[in-house]
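So the chains spell out like this:
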Amino acid sequence: MQPLRGVTVVSLEQAIAAPYASRQLADLGARVIKVERPGTGDFARAYDTRVRGLSSHFVWANRNKESLTLDFKDPRGLEPLRRLIADADVFLQNLAPGSAARAGLDAEGLRAAHPALIVCDISGYGAPGPYADRKAYDLLVQSEAGLLSVTGTPDGMAKAGIPVSDIAAGMHAYSSVLGALLERGRTGRGTHLDVSMLEATVEWLGFPLYYSFEGAEPPPRAGAAHATIYPYGPFTAGDGKVVMTAVQNEREWHGFCARFLDRPELADHPDYATNTDRDTHREALGELIAARFAELTAAEAIELLDAVPVANARVNTLAEVWDHPQLAARGRLHEVPTPAGPVPATAPPGPTGAAPRMEAVPALGEHTRAVLGGLGLSGEDIDALVADGVV
């Protein structure tokens, strides 16, 4: 169940996009050597202290890795990094624009020296282009990609509650590396992968982009409701709990009217007969649906919706997600060691059967001596580098 055993990834990574990509590779068995700054490390280590003093971002994106600290701006640090890359299958980086190239770690030079190496650069906007040198953080890219124009409410935009642009770039980098490994298995040659957060986010915006094709009105910001399908959104039951309800087709709409609303005549009402009609008249229809939900507890509403059947969901808090019965039934919650002790972690989606790889979140520089020793450096050599702040 670890198909990437034997694959080595060297990652000059920070924040979320590259660490999330390399964690997916590590989950599948790859050896990931995470290269960090001496003393401070990946700045995501200091984003917060919510996991027993550790950063929630860092714990999430960095299990199953080895942490090597070195200053690659110092020739004494760059030399072992180059040796690691020479023996690696994949080199991944998401440093500030131009940083890797200035250190001589550009894709063209690395691939000329190591034709089998897969080089994956993750950046905000990609190169070349007028935005190539711009710094990019998740919210900035969400803005540039147009995501904020379709999230929020009619009264104001809202960022997604998770770092969507970072995750999109990380997942496209991960899948691209897998594809490159397959191709290298056929040809023996590596490749250069250039993954842009902007392009990854725009790819995920396919439906709104096409919905507004050729100057058409974009989908409106609709809060927690679907922007163009109705009824598809949250409704508050009489006990104050919220039930997310989704009517996706005309069969479900007819059943919803007859068996949930107890208003079968609404199904063919000219204002509500098609989804376009319902979307156009969602305010009036919403009042009718809200009145019915107000007559029921959330449990009663869910029971009726299930009987139609119409898809529905509880609107869970994050605390409730940790105790979700479906995750428990499928054995998706495990534990990983951290410098602060074991913490729960979700298993990687997909693989079943054998136990997933759920190894430690590394302390800063935890594996520096072991990695450098593996390159042949003596204890005295490593001590000298530590004393000079190189590692």
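Preceding this paragraph is the structure being described.
Residues numbered from 1 in each chain as written. Predicted model: local features only at pLDDT ≥ 70, side-chain atom pairs only at ≥ 80, totals over all residues. Heavy atoms only, no water.

Here we take up the layout of surface pockets. Counted as a void, the largest pocket has a volume near 1300 Å³. Along the walls of the largest pocket sit 33 residues, with S56, W60, L318, W322 and T346 positioned nearest its centre. Within the lining of the largest pocket, the residues separate by chemical class into 20 nonpolar, five polar and eight charged. What the second largest pocket holds in volume is close to 820 Å³. (1 Å grid on protein atoms, 1.4 Å probe; cavity = no way out; pocket = protein on both sides within 12 Å on 5 of 7 lines; lining within 4 Å. Points joined across faces, edges and corners; volume = space filled by probe spheres on them. Nonpolar A, V, L, I, M, F, W, Y, C, P; charged D, E, K, R; others polar.)

With that out of the way, let us pick up the packing of helix α7 (residues 164-187) against helix α8 (residues 197-204). At a closest axis distance of 8 Å, the pairing of α7 and α8 adopts a crossing angle of 95°. Taken together, the axes of α7 and α8 are roughly perpendicular relative to one another. Where α7 abuts α8, its residues V164, S165, D166, I167, A168, A169 and H172 lie against M197, A200, T201, E203 and W204. Looking at the contact of α7 with α8 residue by residue, the class counts come to seven nonpolar, three polar and two charged. (Axes fitted to C-alpha atoms, helices over the stretch in contact; angles between N-to-C directions. Helix = DSSP H or I, 4+ residues; strand = E, 2+ residues; numbered from the N terminus. Parallel < 35°, antiparallel > 145°, perpendicular 65-115°, else oblique. Contact = heavy atoms within 4.5 Å.)

It is worth spelling out the sheet that holds strand β9 (residues 232-236) at this point. As summarised here, the arrangement of the three strands in space is β9-β10-β11, forming an open sheet in which the pairing is antiparallel. Edge positions in the sheet fall to β9 and β11 (311-314), since each has one partner strand and no second. In this sheet, adjacent strand axes meet at a mean angle of 25° when their direction is disregarded. As judged from the five bridges shared by β9 and strand β10 (residues 242-246), these two strands associate in the antiparallel manner. (Pairing = 2+ DSSP bridges.)

Here we take up the pairing of strand β12 (residues 333-336). Bridge count between β12 and strand β13 (residues 343-346): four bridges; the pairing is antiparallel. Its bridge partner lying in β13, H334 is registered against A345. Remark: six residues form the turn of the hairpin made by β12 and β13, two consecutive strands paired antiparallel; G341 in that turn has positive phi of roughly 105°.

This part is about the pattern of salt bridges. Counted according to the given criterion, the structure contains 18 salt bridges. A salt bridge links E265 to R263; the nearest nitrogen and oxygen atoms lie 2.5 Å apart. Taking the shortest distance from any N to any O, the salt bridge between D279 and R282 comes out at 2.7 Å. Each member of the pair, D279 as well as R282, carries the same accessibility label: buried. When salt bridges with common partners are traced through the structure, they connect E13, K34, D42 and K65 into a single cluster. (Salt bridge = Lys/Arg side-chain N within 4 Å of Asp/Glu carboxyl O. Buried < 20%, exposed > 50% of the residue type's maximum accessible area, 1.4 Å probe, protein only.)

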